[in-house]
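An overview of the molecular structure
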Amino acid sequence: MYVKALITYLPGSIFLITFKHNNKMRNIIILVLLVSSLANAQQLTIADNVNIPKGWERVIQNDFHAWVIQQPLSEDYVKTYDGKNVYGVNTIYKVKFDYDIGNEDLHHCADAAIYFNALHKFDNEQYHRIRYHFTNGQEFGYLQYLAGYRPKVKQDGSVVIIYTHNQRKPSYKNFRMYLDIIWRYAGTWSVDEYDTFELKTGWAMPGDIFVKGGFPGHAITVIDVIENIDTGQRKYMFSESYMPAQDQYIVVNTAEHGIRPQLDLWFDIDPKEPLSTSRWTFQPKDLKRFW
């Protein structure tokens, strides 16, 4: 049987297929779902889905800022590494960032800060800048990982870097495997002590962090900034993870929630006053920037 078909595109992702069968013309209308476009349309991001209060505007501060507000979000519960729900919607967190944290208890607060810092560099192919310190002060970079170097725990508990001949090429999969190593041996102490420097002005930028090194300590990341159109005053949005290992989420300002709900995602940074969230209180000297 010979079938000759004519395909005609109609508005709205619809195709009209005309063909001849048994000497009769037949028409079939096929609705084509553009899956990738639909997925993109439904993808939540800070840029498209976080309302900016009246009288304020977002002013892009740096390349990280433009990048991070396009990272995918999810309105699902924050989950721990083993799949348990973390309750606290609208009291601790609003939405979470949508990325895989793995199935081990590794991705805590400092690790979440490292993730965005490292992923931004990875996406820009700045592989030589992806390097962080273990808690013992030893630096381990992504290029070392790709070249075949790996950490090894000695009998006395110390960690050394050895060559394994296990070389790899740059890929997101290998990048995440590298980060699992960093998350295992790094923490707030190493991020505070070795990987960041103090900002004395209180003028924070997206990508900067508040970090208090310790056992435990805590860290949060600046991910968005808005400015008052009339006064130039700034307010800041933060993200964090916690223990046990769990998704990174956008922090709710409990001081504003229910009083001025339009500002419940935004915090003030006063260079002379502590910064308090539902999880931690930071001092002005805790404002740091990655090297």
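Details of the structure are given in the entry above.
This section reports on the structure supplied with the text. (Residues numbered from 1 in each chain as written. Predicted model: local features only at pLDDT ≥ 70, side-chain atom pairs only at ≥ 80, totals over all residues. Heavy atoms only, no water.)

**Quick notes on the overall build of the chain**
In terms of helices and strands, the chain carries 7 helices and 20 strands. Sequence separation of 24 or more characterises 57% of the internal contacts of the chain that already satisfy a separation of 6 or more. Summed over its atoms, the accessible surface of the chain is roughly 15,600 Å², and 53% of this surface lies on carbon and sulfur atoms. (Helix = DSSP H or I, 4+ residues; strand = E, 2+ residues; numbered from the N terminus. Contact = heavy atoms within 4.5 Å. Areas by Shrake-Rupley, 256 points an atom, 1.4 Å probe, with all protein chains shown as cover.)

**So, the pattern of salt bridges**
For the structure shown, the criterion picks out 14 salt bridges. A salt bridge links lysine 84 to aspartate 82; the shortest N-O distance between them is 2.9 Å. The class of aspartate 82 is partly exposed, set by a relative accessible area of 40%. A salt bridge links lysine 288 to aspartate 192; the shortest N-O distance between them is 2.2 Å. Placement of lysine 288 in strand 20 (residues 287–290) and of aspartate 192 in helix 7 (residues 188–195) is noted, with a sequence separation of 96 residues between them. Note on lysine 288: relative accessible area 9%, which makes it buried. (Salt bridge = Lys/Arg side-chain N within 4 Å of Asp/Glu carboxyl O. Buried < 20%, exposed > 50% of the residue type's maximum accessible area, 1.4 Å probe, protein only.)

**Things to note about the packing of aromatic side chains**
Going through the model one piece at a time under the given rule, you end up with 29 aromatic pairs. With a centroid separation of 6.2 Å and an interplanar angle of 75 degrees, the aromatic rings of phenylalanine 122 and tyrosine 142 are classed as edge-to-face. Here phenylalanine 122, found in helix 4 (residues 109–123), pairs with tyrosine 142, found in helix 5 (residues 142–147); they are 20 residues apart in sequence, far enough to count as distant. Overall, the relative accessible area of 11% leaves phenylalanine 122 in the buried class. By relative accessible area, tyrosine 142 is classed as buried at 0%. Ring centres of tyrosine 132 and phenylalanine 290 lie 6.2 Å apart, and the angle between their planes is 85 degrees; this geometry places the pair in the edge-to-face category. (Phe/Tyr/Trp six-rings, centres within 6.5 Å; stacked < 30°, edge-to-face > 60°.)

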